[in-house]
Structure formats: structure tokens, C-alpha cells
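Here are the chains, one letter per residue:
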Amino acid sequence: MADSAQAQKLVYLVTGGCGFLGEHVVRMLLQREPRLRELRIFDLQLGPWLEELKTGPVQVIAIKGDVTQAHEVIAAVAGAHVVIHAAGLVDVFGRASPETIHKVNVQGTQNVIEACVQTGTQFLVYTSSMEVVGPNVKGHPFYRGNEDTPYEAVHRHPYPHSKALAEQLVLEANGRKGLRLGGRLFRAIPTSVEHGRVYVGNVAWMHVLVARELEQRAALMGGQVYFCYDKSPYKSYEDFNMEFLGPCGLRLVGTRPLLPYWLLMLLAVLNALLQWLLRPLVLYAPLLNPYTLAVANTTFTVSTNKAQRHFGYEPLFSWEDSRTRTIRWVQAMDGSAQ
Ligand SMILES: NC(=O)C1=CN([C@@H]2O[C@H](COP(=O)(O)OP(=O)(O)OC[C@H]3O[C@@H](n4cnc5c(N)ncnc54)[C@H](O)[C@@H]3O)[C@@H](O)[C@H]2O)C=CC1
Ligand SMILES: C[C@@H](CO)CCC[C@@H](C)[C@H]1CC[C@H]2[C@@H]3[C@H](O)CC4=CC(=O)CC[C@]4(C)[C@H]3CC[C@]12C
């Protein structure tokens, strides 16, 4: 009894805990962090699924709050041993204004850092983005690179720009005291363009491990950047999607892109122009714009074992398991959309 009371001593806060990644982190912490006493979940929107978590041995506290509001963040952070900051505005489609993206991703992160410093929370794990590294607008491939691979990063788009600024803030702060299925998709991207993808469960697992090991290995791990990786195969964006969409009844038509690249780019530019023209009347934010086309059309994969070397990370879910789970998830999403 005394042992378990002593063992269960940690207070964690997950910002963006009701988002796609955040929910996985929350569930993973409850399953796999035996030292957890209290788990605070901070988000703009709280999901109804939180209720079921409140009946377990860990005290789960849902906090409806906004990372852009410094006082709300301080109140949530106070007394937490570890903060996992996964809240963010993910938008590469022009839905939100650059100012809003900056406010949530950069100012929000600054507020989290300040709250940690002010309240004495020593351990902050920040979810960045591959977009911070690239691909760059020049289309330079990043072929199975690792955290030390030189690559010319250029951030013209508001989302990667904001994530890069926020990552820099976190690094600098280190050490400071204080769909409908059944249909066809048309291939647009060559199969030779390789994309790195990671199963969300493994990303969540890496967060849990980093947070757990950070205290013991602060000298090694503090201020470090870790790529997320697992055993997912290197494939083009569309071929990878077909690993899940194929078993759900979708078919990818064409072994080569059906439209030439210049035509896709023209469509992308037209979309951007339409977005600009229509903005006073209606929000037009299609999937295809010059930025998303450049990302989809540039090889960007990682090959590293830094997380394994620094804190013993091994993927929790095999590729087969990740694939099966994702197929089930896609099927469930489709079911609930109908
Ligand atoms: N979706 C992706 O492909 C990738 C996402 N990331 C990063 O991972 C993190 C989580 O992303 P996802 O779970 O995919 O996105 P998501 O949109 O599902 O989750 C983000 C969560 O943050 C919350 N949030 C947004 N603004 C907030 C605010 N002002 N205050 C409090 N909470 C707020 C949202 O309500 C949402 O629940 C983000 O920081 C994102 O930049 C990194 C790499 C890839
Ligand atoms: C041209 C289309 C033909 O099928 C395909 C368009 C696909 C794009 C919408 C996606 C291709 C790559 C995606 C991005 C990538 O996975 C990295 C990301 C990381 C983040 O932090 C946020 C999301 C995203 C930018 C992701 C967004 C969608 C794509 C651009």
C-alpha cells in the first residue's frame, strides 16, 4: 500500500489532450505510466470520452482552456511534474489566418514555457513537426535523413513557420530555471517520391517514454530534438494511404500520375487564387494548393535510431499492428460519417 502510494506520485499535463495525437497520449499514459497520480487534460474543446477515464485509479482532470491565455495555462501547469505540449493549430490549407496560427502555435508555446518556468515545472515535452525541417520550396529530397542531416529549411508557409519558431523557443528555454469509402483515387504523385509516416500510437508512446526518462537523463536528453519513427514502410504519400484505404474498398487508379506535374501546379495555383478572391465571401480551402503539392511531391523520409540510443525507444506497435489498427480506425470513421 505504502509502495503503491509512493509509486503513484506524478502529475502530468497534456495540452491539446483531446486532439488526434493528444487522445492517444492520454490513453497511453493511463495504460503505461504506473507512477501517474493525476492526469490533467487541457484543451479548447473537451471530448465526451473523457468521462469514462474518470472512474479509474488515476485522477483525471479535464480543463477547458486556451493556450493563448497565459493565466489559464499557468493555472493548469501549476504543480505538474511533466507537461506534454501537443496543442496546436494544424493548418496548411489556409483555413485560419497566419495571425491565428502564430498566436496559437507560437504565443501558446511561449505561454506554456513561461508557465513551466514560473511554477517550477522542470520537464516539458513539445510536439514539433517534420515541417520544421522540410520539405523546402526548392524540392530538395531529404532521403532517409536523421536529426543531424544537413538540410536547407525554408519556412514561407505560416504553419511550418510557426512550428519552427515554437520549436526554437522550446530549445532556447531548455535549462532555464524556474471520408466516404468505396470509390477511386487518381494517382497524382510519382511512386518514386518517398514519404515518412509514423503510427500515432508509436508517436504517443515516444512522448510517454521521453517524459518518463527526461528526469533521469536530463543531461543527455535536455534540449534535444528527436524524430519520431517506427517500422512503417517508405512509400509515396498515396501508396502509403492505400495500405489502409485499399482494404476499405478504395482503388488507386494509375501506376503513374494521371496528370502532368505542371498541370497539377496550375490547378494548385488556381486554387490559391480562388481562395484569395473568395475570402471576403466564403472560406475556400481545398486540399490542393502550391504548398501541399510541393510537400506531397518531395521525398521526405527519416532513418535514425537516436531515440533508441538516448532513451531506449522501440516502437510499441509493429507495422502489421499499426496497419490493422489504422484500417479499423478508418472503417470506424466511415461508419460514423454515414
Ligand atoms: N497532424 C499531423 O500530421 C501532425 C501534427 N503535429 C503536431 O502535433 C500536435 C497535435 O496535432 P494533432 O493531434 O494532429 O492535431 P489536432 O488538431 O487533432 O489536435 C490539436 C488539439 O489542440 C487543441 N487546440 C488548438 N488550439 C488550442 C488552443 N488555443 N488552446 C488549447 N488547445 C488548443 C485542439 O482543440 C485539438 O484538440 C500539434 O502541435 C501539431 O502541430 C506534428 C506532426 C504531424
Ligand atoms: C496532391 C494530392 C494528390 O493526392 C495530395 C495532397 C496531399 C497533401 C494534402 C498532404 C501530403 C503531405 C501532407 C503533410 C505531411 O504529412 C506533413 C504534415 C505535418 C504536419 O505537421 C501537419 C500536416 C502535414 C503538413 C500534412 C498535411 C497534408 C499533406 C500536405
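Residues numbered from 1 in each chain as written. Chains lettered and ligands numbered in written order. Predicted model: local features only at pLDDT ≥ 70, side-chain atom pairs only at ≥ 80, totals over all residues. Heavy atoms only, no water.

Brief notes about the site of ligand 1
We count it as follows: The rule for a residue being near a molecule or strand is that one of its heavy atoms must lie within 4 Å of it. Whenever a nitrogen or oxygen atom comes within 3.5 Å of another N or O atom, the pair is scored as a polar contact, on the condition that within protein one atom can donate a hydrogen and the other can accept it, and that pairs from neighbouring residues in sequence are kept only if both atoms are in side chains. Here the open area of atoms and residues is found with the Shrake-Rupley method and a 1.4 Å probe, where only the protein chains shown may cover a residue. Per the convention used, a helix needs a DSSP run of H or I reaching at least four residues, while a strand needs a run of E reaching at least two, with both numbered from the N terminus. Residue polarity is assigned by list, with Asp, Glu, Lys and Arg as charged and Ala, Val, Leu, Ile, Met, Phe, Trp, Tyr, Cys and Pro as nonpolar; anything else, Gly included, falls into the polar class.
Near ligand 1 there are 20 residues, and of these L21, D43, D66, Y159 and K163 occur at the shortest range. One of the backbone nitrogen or oxygen atoms of G88 is found 3.5 Å away from an oxygen atom of ligand 1. Burial of ligand 1 by the surrounding chains reaches 74%, relative to a free accessible area of 820 Å². Mapped by element, the contributors of at least two residues to the shell around ligand 1 are α2 (20-32) and α6 (158-173). The residue makeup of the shell around ligand 1, split by class, is 10 nonpolar, 7 polar and 3 charged.

Side note on the pattern of salt bridges
Where charged atoms of side chains with opposite charge meet at close range, the side chains can pair. This is how it is decided: Salt bridge, as used here, is a side-chain nitrogen of Lys or Arg placed within 4 Å of a carboxyl oxygen of Asp or Glu. Burial classes: relative accessible area under 20% of the type maximum marks a residue as buried, over 50% as exposed, and values in between as partly exposed (1.4 Å probe, protein chains only).
In this structure the tally under the stated criterion is 14 salt bridges. Where R27 meets E23, a salt bridge forms, and the shortest distance between an N and an O atom there is 3.0 Å. Taken together, the positions of R27 and E23, both in helix α2 and 4 residues apart, correspond to about one turn of that helix. Judged by its relative accessible area of 25%, R27 is partly exposed. Residue class for E23 comes out partly exposed when judged on its relative accessible area of 23%. We note a salt bridge from E52 to R27, for which the minimum N-O separation is 3.2 Å. Separated by 25 residues along the polypeptide, E52 in helix α3 (residues 50-53) and R27 in helix α2 bring together distant segments of the chain. When salt bridges that share partners are traced, they join E23, R27 and E52 into one network.

Some details on the site of ligand 2
Near ligand 2 there are 16 residues, and of these S129, E131, Y159, Y237 and E238 occur at the shortest range. Contacts to ligand 2 include S129, whose side-chain N or O atom sits 2.6 Å from an oxygen atom. Contact between ligand 2 and Y159: an oxygen atom at 2.7 Å from a side-chain N or O atom of the residue. Summarising the interface, the protein chains cover 80% of the accessible area of ligand 2, which totals 630 Å² for the free molecule. Elements that contribute at least two residues to the shell around ligand 2 include exactly α9 (237-245) and α11 (290-296). Tallied by class, the residues present in the shell around ligand 2 amount to 11 nonpolar, 3 polar and 2 charged.

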